[in-house]
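# Structural overview
Listed below are the residues making up each chain.
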Amino acid sequence: MQDNLIIVESPAKAKTIEKFLGKDYKVLSSFGHIRDLSKKDFGVDLNNGFKPIYEISADKQKLVGELKSNAKKAKTIWLASDEDREGEAIAWHLAEVLNLDHKTTKRIVFHEITKEAILHAIEHPRAIDQNLVDAQQARRILDRLVGFELSPVLWKKIKPSLSAGRVQSVSVRLIVERERAIQDFQAESNWRIVVHFILEDANGKQSLLKTELQQRLKSEAEALAFLETCKSAQFNIEDITTKPGRKSPAAPFTTSTLQQEAARKLGYSVSQTMMIAQRLYESGKITYMRTDSVNLSNMAIQTAKAAIMDIADASYIKERHYQTKSKGAQEAHEAIRPTYMNQQIIDGTAQEKRLYELIWKRTLASQMADAEFEKTAITIGLSNSNLKLEALGEVLTFDGFLKVYMESTDEDIDNDSNSNSKMLPPVRLEDQLEMTSATATERFSQRPARYTEASLVRKLEELGIGRPSTYAPTISTIQQRGYVRKEDREGQERSYIHFELSNEAIHREVKTETTGAEKNKLFPTDIGMVVNDFLLESFPNIMNYNFTAQVEKQFDQIADGEVAWDKVLTDFYTDFHPAVEEASVWSKQKVGERILGNDPKTGRVVSVRIGRYGPIVQIGTAEEEEKPLFASLQKDQRMDAIELEDALELFKLPRTVGSFEEKTITVAVGRFGPYIRHNNKFVSLPKTIDPLEVDLETCIELIELKREADQKKQIMVFEEANILVLNGRYGPYISKDGQNYKIPKDTDPLTLTLEACQQMIEEQEKQPTRKRTPAKKGGAKTSTKKVATKKTATSKKKTKE
């Protein structure tokens, strides 16, 4: 009989723990949750106090059998899943499903996977915390109720396959409201005045002093008037102020701040950061990565101080104890930090090394002294004006924590600002200054910044919405559902006016700049905006930021044993369910439909709405004898902004461009964007080419480029069996009927015969666990398959569209 069986939720975690324990311990993994709410009838008994109905998924049946078998052989079972609510629930489900005896079952938790931490946990076991389990169950059930009741309403009112969720819908609302604020924003111009002076010291050495008017001027006339004033003004130094400044290090990482900083410094997505951090934790390199706490243990502080002494002296050490400020902080009880502070470099992938280094530097800096500065402000007066010029300088006198680490920010930086640290040349009070030049440059107020994944996490945390374990899946879900897109967008060219005063003359110049360029920003889709507006109108409570944060507080109260979980659900459902029933019946008109006007040729109504495959313009209605016509919006068009004239332009597609090789070339817009059709084959149009203006020469060039690419991709073609041997991203493979099949690494694809290909396909089809990989669009599908998936933009589709 095995003395001890330890069950964790991750095989990587199991492997690490097994290294620290002797032969008396066997470590197995549950691979996450072994059961979940049933998908039938909500998986919740609404008539029996919201009792959850759990089921073991088919792919976990064999695993559960193995765990049961090993549990029966063990004298003691240790449930060692993570220390947050999700981990507590996993432990509870294991105890329930495996029918574990509470006398021989012990719950252990640790926030770092080290031998010391695990042995300490084994010496101090506890029982499963039912309050934490209830809090997790309440969240799971409430979110199931919201999703399962709201989603069918969206299917009925907007389009099939949509979904809604308590946290994800509020997240989309934030992005939609920010987008509309940007669209409504009107930039206002102002004028920045910069005056340059040449200073000369006693040795004749010259230096430049750059100053700026303390305020921005409102108009071009005011800017010109000030430059005229400068022509005859005498400039003298009225005040010199020098004062010390300090900057303190940021607190150690929480889940939220790690996600934000990894996005800024490393370019990682939120989900990517959590995946890498999970690997670092499970391999014993960092502490638990889902936490709101900024606290460090005394041991961590002492080891950090020792690590500081390795790179600096005692003047760089300042012991700090941080307090958690986030709303409803719970989860683990220590910040994210390296397990061993004396390990600055680890083994692992390049991504793991970079994230670990970031965590190591942040933790070290948190226990270091403030950086010290000397800030100088020089005020310069004009003899003929009350306006003042100012020069600001900043000198670093002691680097402190900056020796190791400096926190980044999300805010857009005005490249014209005078905030950069710089040294000022030596000057004296009442010195007379000689102006060399002055400029007046038109500047513009900045629109609100679009959310990045990192800044959205910060906003959710600020509002108290969600918890460390929910940020990454929420942001992934709203993108996967098609409500939000993360993308780059090119900026637009903008003109501005620049005046320069030199040699007593003022010169005017019109310059251009690029503004509004976006990188990895979150944009709401048309569907996301329509769904948001519908939910906001029909379910204002669910979409209310304060309500969502209040629900999180109630979960915290359940975890603390202050309120019963079923009462929270009863109070919620009593108000929620009637609102769902009401929303299901009101308004026969499709949600999000907008009437643009009438077609001047036919007089039929022109509208824009969400269709089966996304936003469409429609001419006519389903009630008319003549069937409606449909055209897809182009990617740069928005439902709430498109006008009648632009909408009618879409019905010029498909258009015939000409002929090539005695076959007609047409251009159209399909589900995946604009394309060229020639000889029953399709070529995608680049984003930079307008399908309404592309000419025959360009079409032929794109067709030939596609043929050349296809020839390089095709290694062999067996037309009689509809089998292709192709070059893919990960090497050669076989494609048949839209399915892909592997070619063994030791097989030369050039030597394959039809019989060999058919044998490989047959062998792989027999494998019960084989995942059939669909061929990618435009890849290995035959031309007949492609024709079936492409539709012209104005084809007369069925009325139910």
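What counts as what
Per chain, residues are indexed from 1 in the order of the written sequence. Only residues with pLDDT of 70 or above have their local features reported here, since the model is predicted, and side-chain atom pairs are shown and tallied only from 80 upward, although totals for entire chains, interfaces and linings are computed over all residues. Side-chain measures here rest on the full set of heavy atoms in the structure, leaving out hydrogens and waters. In this analysis the probe radius is 1.4 Å and the grid spacing 1 Å, with only protein atoms considered; a cavity is a set of points the probe fits into but cannot get out of, a pocket is an open set with protein on both sides within 12 Å along at least five of seven lines, and lining residues have an atom within 4 Å of a point. Grid points are joined across faces, edges and corners, and a volume is the space filled by probe spheres set on the points. Numbering goes from the N terminus for both helices and strands, where a helix is a DSSP run of H or I of at least four residues and a strand is a run of E of at least two. Ten residues, namely Ala, Val, Leu, Ile, Met, Phe, Trp, Tyr, Cys and Pro, are considered nonpolar, four, namely Asp, Glu, Lys and Arg, are considered charged, and the remaining ones, Gly among them, are considered polar. Two strands make a pair as long as DSSP finds a minimum of two bridges between them. A fitted line through C-alpha atoms represents every axis, and for helices the fit uses only the stretch in contact; the resulting angles, taken between N-to-C directions, go from 0 to 180 degrees. We call two residues in contact whenever any of their non-hydrogen atoms come within 4.5 Å of each other. The scheme is simple: roughly parallel for angles under 35 degrees, roughly antiparallel for over 145, roughly perpendicular for 65 to 115, oblique for anything else. Each crossing gets its handedness from the near helix: less than a right angle anticlockwise from the far helix is left-handed, clockwise is right-handed. Salt-bridge detection follows one rule: a side-chain nitrogen of Lys or Arg within 4 Å of a carboxyl oxygen of Asp or Glu. Between buried and exposed lies partly exposed: a residue is buried under 20% and exposed over 50% of the maximum accessible area for its type, with that area taken using a 1.4 Å probe on protein chains only. Residue-level confidence of the predictor, termed pLDDT, takes values from 0 up to 100. For our purposes a nonpolar core is just a set of buried Ala, Val, Leu, Ile, Met, Phe, Trp, Tyr and Cys residues, chained together by side-chain atoms within 4.5 Å. An expected span of 1.5 Å times one less than the residue number is assigned to each helix. The arc under discussion is defined with respect to the helix axis, by the directions toward the C-beta atoms. Throughout this description, a polar contact denotes any pair of N or O atoms lying within 3.5 Å of each other; where both atoms belong to protein, one of them has to be capable of donating a hydrogen while the other can accept it, and for residues adjacent in sequence the pair is counted only when both atoms sit in side chains. Pairing of aromatic side chains requires ring centres within 6.5 Å, counting the rings of Phe and Tyr and the six-membered ring of Trp. Pairs whose planes differ by under 30 degrees are stacked, by over 60 edge-to-face, and all others tilted.

Take the layout of surface pockets next. Approximately 1500 Å³ is the volume found for the second largest pocket. Taken together, 50 residues make up the lining of the second largest pocket; nearest its centre are Glu86, Arg140, Asp143, Thr470 and Pro473. Of all the secondary-structure elements, those providing two or more residues to the lining of the second largest pocket are helix H3 (85-97), helix H5 (130-157), helix H6 (166-184), helix H9 (270-282) and helix H13 (471-480). Along the lines of polarity and charge, the residues of the lining of the second largest pocket split into 15 nonpolar, 18 polar and 17 charged.

With that settled, consider the sheet that holds strand S23 (residues 655-660). Spatially, the four strands line up as an open sheet ordered S23-S24-S25-S26, and their pairing is antiparallel. The sheet is open, and its two borders are formed by S23 and strand S26 (681-684), each paired with just one other strand. Geometrically, the sheet is characterised by an average inter-axis angle of 30° between neighbouring strands, direction not taken into account. Note: strand S24 (residues 663-670) against strand S25 (residues 673-678), six bridges, orientation antiparallel. Among the inter-strand pairings, Thr666 is bridged to a residue of S25, identified as Arg677. Relative to S23, helix H18 (residues 696-713) is tilted by about 65°, and along the sheet it contacts S23, S24, S25 and S26.

So, on to the packing of helix H8 (residues 255-266) against helix H12 (residues 453-463). Interaxial distance between H8 and H12 falls to 8 Å at its minimum, and their mutual angle equals 160°. Viewed along their axes, H8 and H12 adopt a mutual orientation that is roughly antiparallel. Once H8 is placed against H12, the crossing between them reads as left-handed. Taken together, the residues of H12 that come into contact with H8 (itself represented by Ser256, Gln259, Gln260, Ala263 and Arg264) are Ala454, Val457, Arg458 and Glu461. Across the contact of H8 with H12, the residue classes break down as three nonpolar, three polar and three charged.

Under the definition given, this model contains 49 salt bridges. Close ionic contact of Arg362 with Glu407 constitutes a salt bridge, the shortest N to O distance being 3.6 Å. One end of the pair, Arg362, is in helix H11 (residues 350-365); the other, Glu407, is in the loop between strand S13 (385-398) and strand S14 (432-444), and 45 residues separate them in sequence. Looking at Glu407, the relative accessible area reads 37%, which means it is partly exposed. The salt bridge involving Lys459 is made with Glu462; its shortest N-O contact spans 3.4 Å. With Lys459 and Glu462 both in helix H12 and three residues apart, the pair spans about one turn of that helix. On the accessibility criterion, Lys459 (23% relative accessible area) is partly exposed. Among the charged side chains, a network of salt bridges with common partners joins Glu179, Arg447, Arg450, Glu518 and Lys521.

Moving on to the confidence of the model for the protein. Scored by pLDDT, the protein comes out at a mean of 87, with 93% of its residues at no less than 70. Mean pLDDT in the protein bottoms out at helix H20 (residues 783-789), which sits at 36, and peaks at H11, which reaches 96. Residue range residues 412-420 is modelled with pLDDT below 50. Its contacts to residues more than four positions away, or to other chains, number eight contacts. A low-confidence stretch, residues 776-801 stays under pLDDT 50, and its non-local contacts, those more than four residues away or across chains, total 59 contacts.

Moving on: the nonpolar core. With 127 residues, the main nonpolar core has Phe110 and Leu355 as its most contacted residues. Examining the composition of this core, we find that 11 residues originate from one element, H5, more than from any other. If we ignore the near neighbours within four places in the chain, the residues touching Leu355 are Leu258, Ala262, Leu266, Tyr268, Thr273, Ile276, Ala277 and Leu280. Counting residues in hydrophobic clusters, the runner-up holds 27 residues, among them Ile193, Leu227, Ile237 and Ile497.

Taking 1.5 Å of rise per residue, the 15 residues of helix H15 (residues 545-559) would be expected to cover 21 Å, and the 22 Å separating its terminal C-alpha atoms lies within 8% of that figure. Turning to H15, its buried residues are Tyr545, Thr548, Ala549, Val551, Glu552, Phe555, Asp556, Ile558 and Ala559. Projected down its long axis, H15 shows its buried positions confined to an angular sector of 165°, all on one face. On the buried face of H15, the contacting elements are H3, H5, H6, H12 and helix H16 (565-585). A distance of 2.7 Å separates the backbone nitrogen of Asn546 from a side-chain oxygen at the start of H15, and that oxygen is part of Asn544. Of the residues flanking the end of H15, it is Gly561, one or two places downstream, whose phi is positive at about 75°.

As a further point, take the pairing of strand S29 (residues 731-736). Residues in a regular strand point their side chains to alternate faces of the sheet. The pairing of strand S28 (residues 723-728) with S29 spans six bridges and is classified as antiparallel. Across the sheet, the residue bridging to Asn727 is Pro732, located in S29. Counted between consecutive antiparallel strands, the loop separating S28 from S29 contains two residues. Sheet topology places S29 next to strand S30 (residues 739-742); four bridges connect them, and they run antiparallel. Bridge assignment links Ser735 to a residue of S30, and that residue is Asn740.

Turning our attention to the packing of aromatic side chains. Scanning all chains against the criterion turns up 12 aromatic pairs. Taking the centre distance of 6.2 Å and the plane angle of 65° together, the rings of Tyr54 and Trp92 count as edge-to-face. Taken together, the residues span a long stretch of sequence, with Tyr54 in strand S6 (residues 54-55) and Trp92 in helix H3 at a distance of 38 residues. The exposure classification of Tyr54 matches that of Trp92, with both residues buried. Seen from their ring centres, Tyr573 and Phe576 are 6.5 Å apart, and the 55° between their planes marks the pair as tilted. Residue Tyr573 and its partner Phe576 are both found in helix H16; the two are separated by three residues, about one turn of the helix. Using a relative accessible area of 11% as the deciding quantity, one classes Tyr573 as buried.

Let us now look at empty space enclosed by the protein. Counting across every chain of the model gives two cavities of 30 Å³ or more. Computed from the structure, the second largest cavity encloses a volume of approximately 30 Å³. In terms of lining, the second largest cavity is formed by Ser169, Val172, Tyr483, Gly528, Val531, Asn532, Leu535 and Met543. Listing elements by their share of the lining of the second largest cavity, those giving two or more residues are H6 and helix H14 (526-538). The greatest single-element share of the lining of the second largest cavity, amounting to four residues, is contributed by H14. Tallied by class, the residues present in the lining of the second largest cavity amount to five nonpolar, three polar and no charged.

Once that is clear, we can look at unusual backbone geometry. Non-glycine residue Phe31 carries a positive phi angle of around 55°. The residue Phe31 is located in the loop between strand S2 (25-29) and strand S3 (36-37) in this model. Unusually for a residue other than glycine, Asn680 sits at a positive phi of about 60°. With respect to the helices, strands and loops of the structure, Asn680 is situated in the loop between S25 and S26.

Looking now at the side chain of Thr16. Within the secondary structure layout, Thr16 lies in helix H1 (residues 11-20). For Thr16, a relative accessible area of 8% translates into the label buried. Within the structure, Thr16 has its side chain in polar contact with the backbone oxygen of Glu282 (distance 2.4 Å). If sequence neighbours within four positions are ignored, Thr16 has contacts with Ile113, Glu282, Ser283 and Gly284.

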